[in-house]
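Structural features, examined
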Amino acid sequence: MAELLDLSVDLGRGLRLRSPVMVASGTFGYGFDAPLVDRTALGAIVTKGTTPTARDGNAPTRIAETASGLLNAIGLQNPGVDQVARLYAPVWAQWDVPVIVNVAGDAVEDYIAVARRLDSTAGVAGMELNISCPNVANGLQFGLDPRMAAHVTASVRAVTRLPLLVKLTPNVTDIVAVGRAVEDAGADGVSAINTYVGMAIDVHRRRPVLSGESGGLSGPAIKPLALHAVWQLAAALSIPVVGIGGIMTAADALEFLLAGAAAVQLGTVNYVRPQAVREIRDGIAAYLEEHDLRALGALPIRPVRVEAHV
Ligand SMILES: Cc1cc2nc3c(=O)[nH]c(=O)nc-3n(C[C@H](O)[C@H](O)[C@H](O)COP(=O)(O)O)c2cc1C
């Protein structure tokens, strides 16, 4: 019976989702411009990356379709944390779905400033750190180096008691090393993964399609890569892993849950089929019923060390 199914997920620190299906940062704005999506099927909304002050992002062209995915170089367009805290969060506080703010910056101080501002803001259920941002101090992305990733995580942890996810970049040799470093630095969970670096060239104009030349590849093309990253992380970490990357169907989401993800995020599919959130949530429920399983915690193929989400 559907009512007996438990689709809830505990991501720790009081962040409880009624469904394992979240929407991924950058593909759902701040939750306001998606009237087509049935919010009752959603576990949580993750917002666009938010910085201390407003940003316009990159010039067009910022998005390009590829054979099996999307390249984007939006460049962190966002209204800045003040507007988010003053105007958006009070509305979120009325919603029955938690909103997790994705946080971005050019320096550790940026992450600290955004986290401080959000920590005391009603309506913000948690934060997700996008560490795939270049650190102006050395031009390297925070998430490429376990020490830098740990430093930004610990610095934010020190100023907030909100649930803290750290979103890992896959553009590394050893994603588990970065995952372990952020776990040790106080992350409550990791989101895996952000986009892969890629590009497309316009053969007629003889120049890169994207104004930023390179961009982040998302969608079905990256699913097997993302799944492997989640598989490795779930085996190595004791905190929940949120699986992201090319999830288009309930079967895709189930692969991530079987690999040990506690929950999943949908990104590119929101542009293709806004109703995917409902379909995927219901497809997961149907699978549990069909296999006579009562809760998501029974899904992982291998034992998962996480206690929080079982
Ligand atoms: C247009 C676009 C904008 C994105 N913006 C952000 C962002 O601001 N912060 C972030 O952490 N990830 C961002 N992402 C990455 C997604 O949240 C997600 O990790 C990635 O797209 C892989 O999932 P998918 O294959 O389901 O799209 C963005 C992705 C897209 C397609």
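Here is a short report on the structure shown in this document. The shown structure was predicted, so the numbers you read here are calculated from the model rather than taken from an experiment.

What surrounds the ligand is a group of 25 residues, the closest being A24, G26, G49, S218 and G267. Considered class by class, the residues forming the shell around the ligand number eight nonpolar, 15 polar and two charged.

So, about the environment of A285. As for its placement among the helices and strands, A285 is situated in helix α8 (residues 276-290). Taking the C-alpha atoms as reference, A285 lies 9.1 Å from A295; in sequence the two are ten residues apart.

We now examine α8. Here α8 contains 15 residues, and its C-alpha end-to-end distance of 20 Å stays within 8% of the 21 Å for a straight helix at 1.5 Å per residue. All of the buried residues in α8 are A276, V277, I280, R281, I284 and L288. Seen along its axis, α8 keeps its buried residues to an arc of 135 degrees; they face one direction. D292, located one to two residues past α8, shows a positive phi value of around 60 degrees.

What follows deals with the packing of helix α4 (residues 175-184) against helix α5 (residues 223-236). Here α4 crosses α5 at 40 degrees, and the two axes come no closer than 9 Å. Taken as axis vectors, α4 and α5 run oblique relative to one another. For the pair α4 and α5, the sense of crossing is right-handed. Taking contact as the criterion, the partners of I175, V176, G179 and R180 in α4 are, on α5, A229, Q232, L233 and A236. Grouping the amino acids of the contact of α4 with α5 by side-chain chemistry returns five nonpolar, two polar and one charged.

Let's shift gears to the nonpolar core. Core analysis: the biggest nonpolar cluster contains 94 residues, and V190, A192, V230, V241, A261, V264 and L266 have the highest contact counts within it. Each residue touching A192, except ones within four places of it in the same chain, is listed here: L168, I175, A226, A229, V230, L233, V241, V242, G243 and I244.

What follows covers the sheet that holds strand β3 (residues 21-23). Read around the barrel, eight strands follow the order β3-β4-β7-β8-β9-β10-β15-β16 and close on themselves; strand pairing throughout is parallel. Each neighbouring strand pair of the sheet contributes to a mean axis angle of 25 degrees, computed without reference to strand direction. Direction of pairing for β3 relative to strand β16 (residues 263-266): parallel, over a ladder of three bridges. For M22, the partnering residue across the bridge sits in β16 and is Q265. Its contacts with the sheet put helix α2 (residues 108-119) on β7 (99-103) and β8 (126-130), and the angle it makes with β7 is roughly 160 degrees.

Once that is clear, we can look at the pairing of strand β15 (residues 241-244). Along β15, one buried face is formed by V241 and G243 and the opposite face, lined by V242 and I244, is buried too. Pairing geometry for strand β10 (residues 189-192) and β15, over three bridges, is parallel. Across the sheet, the residue bridging to A192 is G243, located in β15. The pairing of β15 with β16 spans three bridges and is classified as parallel. When the bridges of β16 are listed, V242 appears paired with A263. Crossover connection from β15 via helix α6 (residues 250-258) to parallel β16: handedness right-handed.

Bringing the pairing of strand β9 (residues 164-168) into the picture now. Of all five residues in β9, five are buried, a share of seventy percent or more. Side-chain alternation along β9 places L164, V166 and L168 on one buried face and L165 and K167 on a second face that is also buried. Where β8 lies against β9, four bridges are found, and the strand directions are parallel. The partner of M127 across the bridge, within β9, is L164. Once the chain exits β8 it traverses helix α3 (residues 146-157) before rejoining the sheet at β9, and the crossover so formed is right-handed. One crossover worth recording links β9 to the parallel β10 by way of α4, and it is right-handed.

Taken together, four strands build an open sheet; the order of strands is β5-β6-β14-β11 and the sheet is antiparallel. The sheet terminates laterally at β5 (63-66) and β11 (196-199), the two strands that pair on one side only. Going across the sheet, the axis of each strand differs from the next one's by a mean of 40 degrees, ignoring polarity. Pairing of strand β6 (residues 69-72) with strand β14 (residues 214-218), which is carried by three bridges, proceeds in the antiparallel orientation. Bridge pairing in β14 links L71 to L217.

Basis of the calculations
Residues numbered from 1 in each chain as written. Predicted model: local features only at pLDDT ≥ 70, side-chain atom pairs only at ≥ 80, totals over all residues. Near = placed C-beta within 6 Å. Nonpolar A, V, L, I, M, F, W, Y, C, P; charged D, E, K, R; others polar. Helix = DSSP H or I, 4+ residues; strand = E, 2+ residues; numbered from the N terminus. Expected span 1.5 Å × (residues − 1). Buried ≥ 20, exposed ≤ 12 C-beta atoms within 10 Å, placed from the backbone. Arc of directions from axis to C-beta. Axes fitted to C-alpha atoms, helices over the stretch in contact; angles between N-to-C directions. Parallel < 35°, antiparallel > 145°, perpendicular 65-115°, else oblique. Left-handed = near helix turned anticlockwise from the far one by under 90°. Contact = placed C-beta atoms within 7 Å. Core = buried A, V, L, I, M, F, W, Y, C linked by C-beta atoms within 7 Å. Pairing = 2+ DSSP bridges. Right-handed = clockwise from strand over helix to strand, strands pointing away.

Just geometry here; none of it tells us what the structure is for.
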